[in-house]
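Descriptive structure summary
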Amino acid sequence: MRLAHALFLATALSVTSCGPWGPKGIIAGGPLPGAAQPTPSDWSFTDAQPLIAIETRGRFFRHSVTILCVAADRKLYVITRHAPTKRWVQNLLVEPRVRLAIDGKIYEGRAVRIDEGGDDAGVARAFLRKYVGVEAEHARALTGSPAAGDDHAEVWTFRIDPPEPAS
């Protein structure tokens, strides 16, 4: 009976592409394989990448997904809609350490949620430039809870800071 369960689990993991490795397209995965590179001081090279993978630390397992990212003022930002419903976002609220897979390389960092403040306009302009192809002089990020009938669906933005030094 245990062998049957093990075979079923192995088959299910291989069919869904979910398992102890990073995400496959829109299917979430586990840990991102590989050793971390030094954290870049300028993340603008990510403008060439439409999606990156982010690994978060859950209570029992590591969880990774593909996400949108933008570089603004040499810093890296990741953006998500429907934020409160996403497991990886909930993981970040408990443990901000992340690993990122970008163009075949792994980087470590610490995710810091940004709300309305100094980063908003630059991130919104970078997002419009990268994903919509529009240069906007004035732009504002969608932050906070949406108003009734508003479809911006609770967009959250996280800045990826360098990891905290090991103690």
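In case you missed it, the structure is sitting above this.
A brief look at the structure comes next. Bear in mind that the values here come from a model prediction, so they are computed numbers and not experimental data. (Residues numbered from 1 in each chain as written. Predicted model: local features only at pLDDT ≥ 70, side-chain atom pairs only at ≥ 80, totals over all residues. Heavy atoms only, no water.)

Some thoughts on the overall build of the protein chain
What the protein chain contains, in helices and strands, is three helices and seven strands. When the helices and strands of the protein chain are placed in sequence order, the string is α-β-β-β-β-α-β-β-α-β. In the protein chain, the share of contacts with a sequence separation of at least 24, taken over all contacts with a separation of at least 6, comes to 62%. Only carbon and sulfur atoms are counted for the fraction: they give 57% of the accessible area of the protein chain, which is about 10,100 Å². (Helix = DSSP H or I, 4+ residues; strand = E, 2+ residues; numbered from the N terminus. Contact = heavy atoms within 4.5 Å. Areas by Shrake-Rupley, 256 points an atom, 1.4 Å probe, with all protein chains shown as cover.)

Remarks on the nonpolar core
For soluble globular proteins, nonpolar side chains are generally found buried alongside one another. Counting residues in hydrophobic clusters, the biggest one holds 21 residues, and the most contacted among them are Ile 52, Ile 54, Leu 76, Val 78, Trp 88 and Leu 100. Going through the elements one at a time, strand S2 (52-57), strand S3 (62-72), strand S4 (75-80), helix H2 (87-94), strand S5 (97-102), strand S6 (105-114) and strand S7 (156-161) are the ones with two or more residues in this core. If near-sequence neighbours (up to four positions away) are discounted, Leu 76 is found in contact with Trp 43, Thr 46, Ile 52, Cys 69, Val 70, Leu 100, Ile 102, Phe 158, Arg 159 and Ile 160. Counting residues in each nonpolar core, the second largest holds eight residues, with Val 70, Ala 72, Tyr 77 and Val 155 among its members. (Core = buried A, V, L, I, M, F, W, Y, C linked by side-chain atoms within 4.5 Å. Buried < 20%, exposed > 50% of the residue type's maximum accessible area, 1.4 Å probe, protein only.)

Notes on the packing of aromatic side chains
Centre distance and the angle of the planes are the two values used to describe a pair of aromatic rings. Summed over all chains, the structure comprises six aromatic pairs. With a centroid separation of 5.1 Å and 40° between ring planes, the pair formed by Phe 127 and Tyr 131 is classed as tilted. You can see Phe 127 and its partner Tyr 131 sitting in helix H3 (residues 120-132), four residues apart, about one turn around the helix. Here Phe 127 falls in the partly exposed class, since its relative accessible area comes to 26%. Its relative accessible area of 26% is what places Tyr 131 among the partly exposed residues. (Phe/Tyr/Trp six-rings, centres within 6.5 Å; stacked < 30°, edge-to-face > 60°.)

What about H2?
Along H2, the residues that are buried comprise Trp 88, Val 89, Asn 91 and Leu 92. The buried residues of H2 occupy an angular sector of 155° when the element is viewed end-on, so they sit on one face. Set apart from the buried face of H2 by more than 90 degrees, the exposed residues are Arg 87 and Val 94. In this fold, the buried residues of H2 make contact with S2, S3, S4, S5, S6 and S7. (Arc of directions from axis to C-beta.)

Observations regarding the pattern of salt bridges
Summed over the entire model, instances satisfying the criterion amount to six salt bridges. Residue Glu 55 is joined to Arg 99 by a salt bridge in which the shortest nitrogen-to-oxygen separation is 3.5 Å. Here Glu 55 is found in strand S2, whereas its partner Arg 99 is found in strand S5, with 44 residues between them in sequence. For the pair Glu 55 and Arg 99, one class covers both residues: buried. For Arg 97, the salt bridge identified is with Glu 95, shortest N-O distance 3.0 Å. Salt bridges here are not isolated pairs; linked through shared partners, they connect Glu 55, Arg 62, Arg 99 and Glu 108. (Salt bridge = Lys/Arg side-chain N within 4 Å of Asp/Glu carboxyl O.)

Some thoughts on the environment of Asp 103
For Asp 103, the location among the structural elements is in the loop between S5 and S6. A residue is classified by how much of its surface remains accessible, and Asp 103, at 60% relative accessible area, is exposed. In this structure, the C-alpha to C-alpha distance between Asp 103 and Thr 46, residues 57 residues apart in sequence, is 8.4 Å.

A word on the environment of Ala 83
Structurally, Ala 83 is set in the loop between S4 and H2. Exposure remark for Ala 83: the relative accessible area of 0% places this residue in the buried category. Considered as a pair, Ala 83 and Thr 157 are 74 residues apart in the sequence and their alpha carbons are 9.0 Å apart.

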